[in-house]
Structure formats: structure tokens, C-alpha cells
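Here is what each chain is made of, one letter per residue.
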Amino acid sequence: MTTKATLIAVTLDCAEPRRLAEFYSKITGFEVQYAEDEYAGIGDGTTMFFFQRVPDRKPSSWPGPDKQMHLDFRVPDVAKAVAEYLELGATKPEFQPGDGYVTLADPEGHLFDVCPPREE
């Protein structure tokens, strides 16, 4: 039997950990729990996002083969959330791969999808 692992955190490499922690804190509602120049973290008591300073990090091209991962967030109203996230510093790439959800990039170019509620 394989040992089961529990996801506790995702760490994103970035140039400005504090800035990205503030951005994701605003879109997730997670509290900033730690913020330094080299490292920052937000969380809800169960799940954490960490932001680690990598000054020479380059965003992947989109669309392109160098993208390694992206985050997905479910929201009650995609259009409203996209408008708010753009005001917070996200950008909307011209290429959108599907219908019903929107791909955005955070202020440092990490991609994330804004997804609608599940249909039941």
C-alpha cells in the first residue's frame, strides 16, 4: 500500500514574495501569515501558499511548452472575479484555451484559471 500524502502547501518562485502574498491573500481571503523580502506565506489554517524569492525567475510563455503548472480557483461569478483580479494587478492573456473559465496571470506571470461553480 502506498503511503498517502496530504497537501499542505504550494510554493511559487517569484521576484517579490510580499507583493504576491498580498495579491493571493486578496483573491483567496487567506491571511498573510508571514512576509519577508525572501519568503512570504498565506493560509487558512489548513492550506498554505508560500512565495519564495527567485530574483531571476522568468515567466513561462503562454501558450507554450515551458509552462509547468497553474492554479485553478472556483468563484461564484467568473466575470466579476476576473474584473476584480485585473484591478488587483492580474493580466488576461489573449489566448484563452476553453469556454466557461478564464485564464489569467498574476502580477509576476504565474497562470491561474478562474472557474465557475460546479453544475449539480
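Refer to the structure presented above.
These numbers come from a predicted model, not from an experiment.

A. Inspection of the packing of aromatic side chains at higher detail. In the structure shown here, the tally under the stated rule is 12 aromatic pairs. Geometrically, the ring pair formed by Tyr24 and Phe49 is stacked, given 6.2 Å between the ring centres and 15° between the ring planes. Here Phe49 lies in strand 4 (residues 48-53) and Tyr24 lies in helix 1 (residues 17-28), a separation of 25 residues in the sequence. Taking relative accessible area as the criterion, Tyr24 reaches 0% and is therefore assigned buried. With a relative accessible area of 8%, Phe49 lands in the buried category. For the ring pair Tyr24 and Phe51, a centre distance of 5.7 Å and an interplane angle of 15° mean the geometry is stacked.

B. Layout of the environment of Val82. Relative to the elements of secondary structure, Val82 occurs in helix 2 (residues 78-87). Separated by 31 residues in the primary sequence, Val82 and Asp113 have C-alpha atoms spaced 9.7 Å apart. Ignoring any residue separated from it by four or fewer positions in sequence, one finds Val82 in contact with Val102, Leu104 and Val114.

C. How the structure looks around the pattern of salt bridges. Throughout the structure, instances matching the rule amount to 4 salt bridges. Note that Arg18 and Asp37 form a salt bridge whose closest N and O atoms lie 3.2 Å from each other. With a gap of 19 residues between them, Arg18 in helix 1 and Asp37 in the loop between strand 2 (31-35) and strand 3 (39-43) connect regions that are remote in the sequence. The exposure class of Arg18 is partly exposed, given its relative accessible area of 39%. Across the pair Glu38 and Arg53 runs a salt bridge whose closest N-O atoms are separated by 3.6 Å. Of the two residues, Glu38 is situated in the loop between strand 2 and strand 3 and Arg53 in strand 4; the sequence distance between them amounts to 15 residues. Residue Glu38 is classed as partly exposed on the basis of its relative accessible area of 46%.

Basis of the calculations
- Residues numbered from 1 in each chain as written.
- Predicted model: local features only at pLDDT ≥ 70, side-chain atom pairs only at ≥ 80, totals over all residues.
- Heavy atoms only, no water.
- Phe/Tyr/Trp six-rings, centres within 6.5 Å; stacked < 30°, edge-to-face > 60°.
- Helix = DSSP H or I, 4+ residues; strand = E, 2+ residues; numbered from the N terminus.
- Buried < 20%, exposed > 50% of the residue type's maximum accessible area, 1.4 Å probe, protein only.
- Contact = heavy atoms within 4.5 Å.
- Salt bridge = Lys/Arg side-chain N within 4 Å of Asp/Glu carboxyl O.

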